[in-house]
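# Overview (structure and organization)
Chain by chain, the residues run as shown.
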Amino acid sequence: MAPSGFSSTGKTSTNAANQLDPRYRGSPYADSKDEQPILSPDSTAALLLDSRRFVDSVESMKTGEALLKPLLSSVMGLPHRLAFLSYSGFDLFDSLPLIMASENGCYLTSTGILTYDRLRDLPCSCPACSSGKRGRDALLKHNYMTAEMELRMVRHAISQGTLRELVENRVRTDPWLVQNLRLLDLEHQELLERHAPIKGTPFHAGSKESLNRPEILRWRKRLETRYARPAGTRILVLIPCSARKPYSFSKSHMRFRQAIQQSGKADLVHEVIVTSPIGLVPRELELFYPAQDYDIPVTGHWDRDEKVLAQEMVSWLVSSQKYDLVISHLGDEREPVNAALEDFVDTSLGSPGSHESLERLEKTLRETNLQPHQGRDADRSIEDMRSISRFQFGDIGSKLCDDVHLWGRWPNVKLMRGNDQLGMLTGERGMISLTMEGARVIAAEGKYCVEIDDFVPKGNLFAIGVEGASDDIRIGDDVAVVHRGEVRGVGVAVMSPEEMILADRGEAVHIRHTR
Ligand SMILES: [Zn+2]
């Protein structure tokens, strides 16, 4: 019986009767892949007029059984829209919009449409534009060339994991695209989040839309649903972010930590970084994607959206985590954050790095009469690790840290239970990589599990061998490969759970260890 929250193909490859069923993927009577129909949205013209209709149709086409069917975009695929349409799941584009644009005298570029007649110099050096000839034929050739080059750019961005940045860049000149992106982000977050890798590439958060990237919304949601402050901490110290990441390696953060250490209360202190666009980063999570993988333009000015976000998250933190003392040691974000706090001490007075402020922080901590709770022997480094593990795996992650000791030098730290290694935190991944022992702990409750038939994976696990996968898995997650509760392997998910179940080919799990 599959645990709840577990999707399954509902088929076992040992059942001979299934092999006669054309719906069964191994059946000789099954439709071949080549005959699979291509999906295309209905009434493209209406989608071009109505953004909400567009995003709703993306949601319905990219959910359920049809997820892997190739998606054709007819008429919509102008070069500057190709990045966004690809991001929305479209795979195929026709040349109709390029022909129509040429008939209407539209000179297409990767950032928008120009009027051919008004161009004194052509801003392009493709063969058609450099020929010196003008006319419908030259324009059509140029438009084809532009679309081809943009498609290459999109393919490159997909291979590098930077498609979202290209999209934010390209939507600017077309209100339809901006509307679509914002509606997708705000009203179809779950769809985007399901397909966003848990560990992606570093990115530049340079636009308003960056605030609502799926990885960032996931971060905030995980804080709200999975987070608990490390046991034993009683004092919240809010500090600003740093350009250098992880923050711990920056000079400013070294000075904050020195002041905290010298106060003699470091074990009670929970440092939380206030930052845009993520909102809050508890110190122990600073390696987790995307906390060390983003950069923002720094002007010292926070816009309204950023202020409201910081206020909401700080209010949530203080009310949910219940500290005995709250210290605000902030810079540019100090005013809005302080306005959201009720009972607190401001030690920075706006210049967190100054000598006086650092002394005030140390003195305030030293003079507080808060002491560690009696009868608790919580080891702080283990509680920090527990927080990371819970953020990564949910509640079951907490069990991974029961009765462990840690070995190694941060950020590369092994989790040991007796002589068995359960996993290892690495600075490069920013999360815990499991061993077989660790996978058994996580799999005990059916979380982060990929179900296979009765075999032991040799090399990597391909989608054809997947019987089911738990819904909590995201691309890049550590997963246990199990057969009826027995862990047969452990590795990193290369597909979303829906894709693993539906796909006939391709690597589903990159295996690290097998039984
Ligand atoms: Zn050209």
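Keep in mind that what you see is a predicted model, and the values were worked out from it rather than measured.

Strand pairing in a sheet is mediated by backbone hydrogen bonds. Such pairs are either parallel or antiparallel. Spatial strand order, E9-E8-E7-E11-E12: 5 strands in an open sheet with mixed pairing. Edge strands, defined here as strands with exactly one partner in the open sheet, are strand E9 (279–282) and strand E12 (345–346). Relative to E12, strand E11 (residues 325–328) runs parallel, the two being bridged by 2 bridges. Looking at the pairing, Ile-327 lines up with Val-345 of E12.

With that out of the way, let us pick up the coordination of the zinc ion. Protein coordination of the zinc ion is provided by Cys-124 (SG), Cys-126 (SG), Cys-129 (SG) and His-142 (ND1), with donor distances spanning 2.1 to 2.3 Å. Note that the zinc ion binds 4 donor atoms; their angles at the metal cover 97 to 122°, and the shape is tetrahedral. Mapped onto the sequence, the residues coordinating the zinc ion show the spacing C-x1-C-x2-C-x12-H. Owing to a relative accessible area of 6%, Cys-126 belongs among the buried residues under this scheme. Residue Cys-129 is classed as buried on the basis of its relative accessible area of 11%.

Moving on, we get to helix H17 (residues 436–443). Here H17 lies mainly inside the structure; 6 of its 8 residues are buried. Here H17 has its buried residues at Met-436, Gly-438, Ala-439, Val-441, Ile-442 and Ala-443. Between a side-chain oxygen at the N-terminus of H17 and the backbone nitrogen of Glu-437 the separation is 3.3 Å; the capping residue is Thr-435.

One way to put it is that helix H10 (residues 214–226) packs onto helix H15 (residues 380–393) with a least axis distance of 10 Å and a crossing angle of 110°. By the angle between their axes, H10 is roughly perpendicular relative to H15. Where H10 crosses over H15, the two elements pack in a sense that is right-handed. Where H10 abuts H15, its residues Trp-219, Arg-222, Leu-223 and Arg-226 lie against Arg-390, Phe-391, Gln-392 and Phe-393. Here the residues of the contact of H10 with H15 sort into 4 nonpolar, 1 polar and 3 charged.

Pairing is antiparallel in the open sheet, where 4 strands are placed in the order E13-E14-E15-E16. Two strands bound the open sheet, and with one partner strand each, they are strand E13 (405–409) and strand E16 (432–434). Taken over all neighbouring pairs, the strand axes of this sheet differ in orientation by 30° on average, direction set aside. Of the pairings in the sheet, the one linking strand E14 (residues 412–417) to strand E15 (residues 420–425) comprises 5 bridges and is antiparallel in character. When the bridges of E15 are listed, Val-413 appears paired with Leu-425. Across the face of the sheet, H15 comes into contact with E13, E14, E15 and E16 while running at roughly 75° to E16.

Moving on: the pattern of salt bridges. Across all of its chains, the model carries 33 salt bridges by this definition. Here Arg-213 ties to Glu-215 by a salt bridge, and the two come within 3.0 Å at their closest N and O atoms. When salt bridges with common partners are traced through the structure, they connect Arg-257, Glu-271, Arg-283 and Glu-286 into a single cluster.

The predicted coordinates of low-pLDDT regions are not to be read in fine detail. Averaged over the protein chain, the pLDDT score is 91; the fraction of residues at 70 or greater is 92%. Within the model, the stretch residues 1–15 combines pLDDT values under 50 with 32 contacts to residues more than four positions away or in other chains.

Under the definition given, this model contains 1 cavity of 30 Å³ or more. Its boundaries defined by the atoms lining it, the largest cavity holds a volume of some 50 Å³. For the largest cavity, the full set of lining residues is Ile-198, Glu-215, Arg-218, Trp-219, Arg-222, Phe-288, Tyr-289, Pro-290 and Phe-391. No other element matches the 4 residues that H10 contributes to the lining of the largest cavity.

Glancing now at the pairing of E9. Inspection of the sheet shows strand E8 (residues 269–275) paired to E9 by 4 bridges, in the antiparallel sense. Looking at the pairing, Thr-275 lines up with Gly-279 of E9. If you look at the hairpin formed by E8 and E9, you'll find 3 residues sitting between the two strands.

Another point: the side chain of Arg-234. Following the sequence through the fold, Arg-234 ends up in the loop between H10 and strand E7 (235–240). For Arg-234, a relative accessible area of 13% translates into the label buried. Side-chain polar atoms of Arg-234 contact the side chain of Asp-324, separated by 2.6 Å. Excluding residues within four positions of it along the chain, Arg-234 makes contact with Leu-268, Tyr-323, Asp-324, Leu-325, Leu-370, Gln-371 and His-373.

The buried count for E7 comes to 6 of 6 residues, which makes it a mostly enclosed element. Pairing of E7 with E8, which is carried by 6 bridges, proceeds in the parallel orientation. Residue pairing across strands places Ile-235 opposite Val-269, the latter belonging to E8. The β-α-β motif built from E7, the intervening helix H11 (residues 251–262) and the parallel element E8 has right-handed crossover chirality.

Bringing the packing of aromatic side chains into the picture now. Aromatic rings in a pair are described by how distant their centres are and how their planes are angled relative to each other. The full count for this structure, using the stated rule, is 9 aromatic pairs. Measuring from centroid to centroid gives 6.4 Å for Phe-203 and Tyr-289, while their planes differ by 75°, and the two rings are edge-to-face. Placement of the pair is Phe-203 in strand E6 (residues 203–204) and Tyr-289 in the loop between E9 and strand E10 (294–295), with a sequence separation of 86 residues. Neither Phe-203 nor Tyr-289 differs from the other in exposure class; each is buried. Taking the centre distance of 6.0 Å and the plane angle of 80° together, the rings of Phe-249 and Trp-410 count as edge-to-face. Taken together, the residues span a long stretch of sequence, with Phe-249 in the loop between E7 and H11 and Trp-410 in the loop between E13 and E14 at a distance of 161 residues.

Here is what the cut-offs are and how they apply
Residues numbered from 1 in each chain as written. Predicted model: local features only at pLDDT ≥ 70, side-chain atom pairs only at ≥ 80, totals over all residues. Heavy atoms only, no water. Pairing = 2+ DSSP bridges. Helix = DSSP H or I, 4+ residues; strand = E, 2+ residues; numbered from the N terminus. Donors = N, O, S within 2.8 Å, 3.2 Å for Na, K, Ca; no water. Tetrahedral: all angles 85-135°; square planar, octahedral: opposite > 155°, others 65-115°. Buried < 20%, exposed > 50% of the residue type's maximum accessible area, 1.4 Å probe, protein only. Polar contact = N/O pair within 3.5 Å; in protein donor to acceptor, adjacent residues only side chain to side chain. Axes fitted to C-alpha atoms, helices over the stretch in contact; angles between N-to-C directions. Parallel < 35°, antiparallel > 145°, perpendicular 65-115°, else oblique. Left-handed = near helix turned anticlockwise from the far one by under 90°. Contact = heavy atoms within 4.5 Å. Nonpolar A, V, L, I, M, F, W, Y, C, P; charged D, E, K, R; others polar. Salt bridge = Lys/Arg side-chain N within 4 Å of Asp/Glu carboxyl O. pLDDT = per-residue confidence, 0-100. 1 Å grid on protein atoms, 1.4 Å probe; cavity = no way out; pocket = protein on both sides within 12 Å on 5 of 7 lines; lining within 4 Å. Points joined across faces, edges and corners; volume = space filled by probe spheres on them. Right-handed = clockwise from strand over helix to strand, strands pointing away. Phe/Tyr/Trp six-rings, centres within 6.5 Å; stacked < 30°, edge-to-face > 60°.

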